[in-house]
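Summary of structural features
Below, each chain spelled out in residue letters.
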Amino acid sequence: RLWSIPFLLVTVVATWLLAGIVFHRNRALQLAAASVPALLPMMTFVSASVSPDPLVYALWSLALWLGARVLVERAGYLELGALFAVAGLAVVAKSTSYALLPGVVFVLAVAAWRMRDAPRRVVIALACVALAFAVTAGTWYVIARASDRSAAAQLTEAERPPDFDEKEFVGYVWQYYLPRLPFMSQYPNLDWPPQAYQTWFKHV
């Protein structure tokens, strides 16, 4: 279980660096931000288990920091390549990290817009990010297909969800935060006090 402790340290350091960009190197606010993943009991619990989640937390934290560097500090090709390499590794670690891709593509779009007066720079930036993502996520995809494995098992092997019911969805979200109204269906896992309190306050 000690293998996941370095990932927690990376998460803490990346949070410190991200807060430094957001709060303009205010050390007190950086310390406060970094203390959240460092001292949060759930982070310690997850990091002590055999799970890809500690690695995902570390990679997402690095991606947020690198993205902020590009957006705020106008960082260059190295940071853009590192951002897409980290995103590729996150996708390999856990398929839910595909949710990270819209954000990194947005960062790339902003960087390309800033370089619009220098088309050569735009081409170099696109080449850097394509290479970085291909080396990470692309390599895994080739290995998975060559070994007859799904490259994104969490997405491709999931069962087809039932038809979406707007009324049931609204009722579930309502009961997650508020008491059930008489005309709403009752869900076994949603009782009073609300599940939002159980998840975000009591369990933390």
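In case you missed it, the structure is sitting above this.
Sequence order as written defines the numbering, with residues in each chain counted from 1. Under the rules for a predicted model, residues below a pLDDT of 70 receive no local features and side-chain atom pairs below 80 are neither given nor counted, while totals for whole chains, interfaces and linings still include all residues. Only hydrogens and water are set aside when side-chain values are computed; all heavy atoms of the structure are taken into account.

Remarks on the overall build of the chain
What counts as a helix is a DSSP run of H or I of at least four residues, what counts as a strand is a run of E of at least two, and both are numbered from the N terminus. Of the regular secondary structure elements, the chain holds 10 helices and 0 strands. Burial classes: relative accessible area under 20% of the type maximum marks a residue as buried, over 50% as exposed, and values in between as partly exposed (1.4 Å probe, protein chains only). Looking at the 204 residues of the chain, the share that counts as buried comes to 32%. Note on contacts: a residue pair is in contact if any heavy atoms of the two residues lie within 4.5 Å. Residue pairs at least 24 apart in sequence account for 57% of intrachain contacts in the chain once pairs closer than 6 positions are excluded.

Regarding the environment of Ala109
As for its placement among the helices and strands, Ala109 is situated in helix H6 (residues 101–114). According to the relative accessible area criterion, Ala109 is partly exposed, its value standing at 44%. With 17 residues separating them along the chain, Ala109 and Leu126 place their C-alpha atoms 9.9 Å apart.

Examining a nonpolar patch on the surface
Within this analysis, patches are made of residues with over 30% relative accessible area and no salt bridge. Like charges are joined at 9 Å or less; nonpolar side chains (Val, Leu, Ile, Met, Phe, Trp, Tyr) at 5 Å or less. Each accessible area is a Shrake-Rupley estimate made with a 1.4 Å probe; only the visible protein chains count as cover when residues are assessed. The salt bridge criterion pairs a side-chain nitrogen of Lys or Arg with a carboxyl oxygen of Asp or Glu, the two atoms within 4 Å. Taken together, the side chains of Phe169, Val170, Tyr172, Val173, Trp174, Tyr177 and Leu178 present a nonpolar region at the surface, about 660 Å² in accessible area. Here Trp174 shows up in helix H9 (residues 166–177). Here Trp174 falls in the partly exposed class, since its relative accessible area comes to 34%.

Comments concerning the environment of Ser97
Looking at where Ser97 falls in the secondary structure, it is placed in the loop between helix H5 (77–93) and H6. According to the relative accessible area criterion, Ser97 is buried, its value standing at 1%. Taking the C-alpha atoms as reference points, Ser97 and Ala87, separated by 10 residues in sequence, lie 7.6 Å from one another. Excluding residues within four positions of it along the chain, Ser97 makes contact with Val56, Trp60, Ala90 and Val91. Polar contact is the term for a pair of N or O atoms within 3.5 Å; when the atoms are in protein, one must be able to donate a hydrogen and the other to accept it, and sequence-neighboring residues count only if both atoms are side-chain atoms. Here Trp60 takes part through its side chain, which lies 3.0 Å from a polar atom of the side chain of Ser97.

So, H6
In a regular helix each residue adds 1.5 Å, so 14 residues correspond to 20 Å; H6 covers 20 Å between its end C-alpha atoms and thus fits that length. Among all positions in H6, only Val104, Val107, Leu108 and Ala111 are buried. Seen from one end, H6 has its buried residues packed into an arc of 100°, which puts them on one side. Across H6 from its buried face, at more than 90 degrees, point the exposed residues Pro102, Phe106 and Trp113. An expected span of 1.5 Å times one less than the residue number is assigned to each helix. To obtain the arc, one takes the directions from the helix axis to the C-beta atoms.

A word on the packing of helix H1 (residues 5–22) against helix H4 (residues 53–73)
Orientation is described by lines fitted to C-alpha atoms, with helices fitted over the stretch in contact, and by angles between N-to-C directions that extend from 0 to 180 degrees. The geometry of H1 relative to H4 is characterised by a closest axis approach of 8 Å and an angle of 20° between their N-to-C directions. Here H1 is positioned roughly parallel relative to H4, judged by the angle of their axes. Crossing of H1 over H4 shows left-handed handedness. Contacts between H1 and H4 pair Phe7, Val10, Thr11, Ala14, Thr15, Leu17, Leu18 and Ile21 from the former with Pro54, Leu55, Tyr57, Ala58, Ser61, Leu62, Leu64, Trp65, Ala68, Arg69, Val72 and Glu73 from the latter. The cut-offs work like this: below 35 degrees is roughly parallel, past 145 is roughly antiparallel, 65 to 115 is roughly perpendicular, and the gaps in between are oblique. Whether a crossing is left-handed or right-handed is set by the direction in which the near helix is turned from the far one by less than a right angle, anticlockwise for left-handed and clockwise for right-handed.

As for the packing of aromatic side chains
Working definition: a ring pair exists when centres of Phe, Tyr or Trp rings (six-membered ring for Trp) sit within 6.5 Å. Plane angles under 30 degrees give stacked, over 60 give edge-to-face, the rest tilted. Using the criterion set out here, one finds 0 aromatic pairs in the structure. Taking the ring centre of Trp113 as reference, the NZ or CZ of Arg116 above it sits at 4.1 Å. Geometrically, a charge over a ring is one whose NZ (Lys) or CZ (Arg) sits within 6 Å of the ring centre while staying within 35 degrees of the ring normal.

A few points about the nonpolar core
Here the nonpolar core consists of buried residues drawn from Ala, Val, Leu, Ile, Met, Phe, Trp, Tyr and Cys, with membership extended through side-chain atoms lying within 4.5 Å. One finds Val70, Leu80, Leu83, Phe84, Leu100, Val104 and Met115 to be the most contacted residues of the largest nonpolar core, which totals 24 residues. Listing elements by their share of this core, those giving two or more residues are H4, H5, H6 and helix H7 (119–146).

Thoughts on the pattern of salt bridges
In total, this model carries 4 salt bridges according to the counting rule given. Measuring nitrogen to oxygen at the nearest pair gives 3.2 Å for the salt bridge that ties Glu73 to Arg69. In this pair, Glu73 and Arg69 are both assigned in helix H4, 4 residues apart and thus about one turn of the helix distant. For Glu79, the salt bridge goes to Arg69, with nearest N and O atoms at 3.5 Å. One end of the pair, Glu79, is in helix H5; the other, Arg69, is in helix H4, with 10 residues separating them in the sequence.

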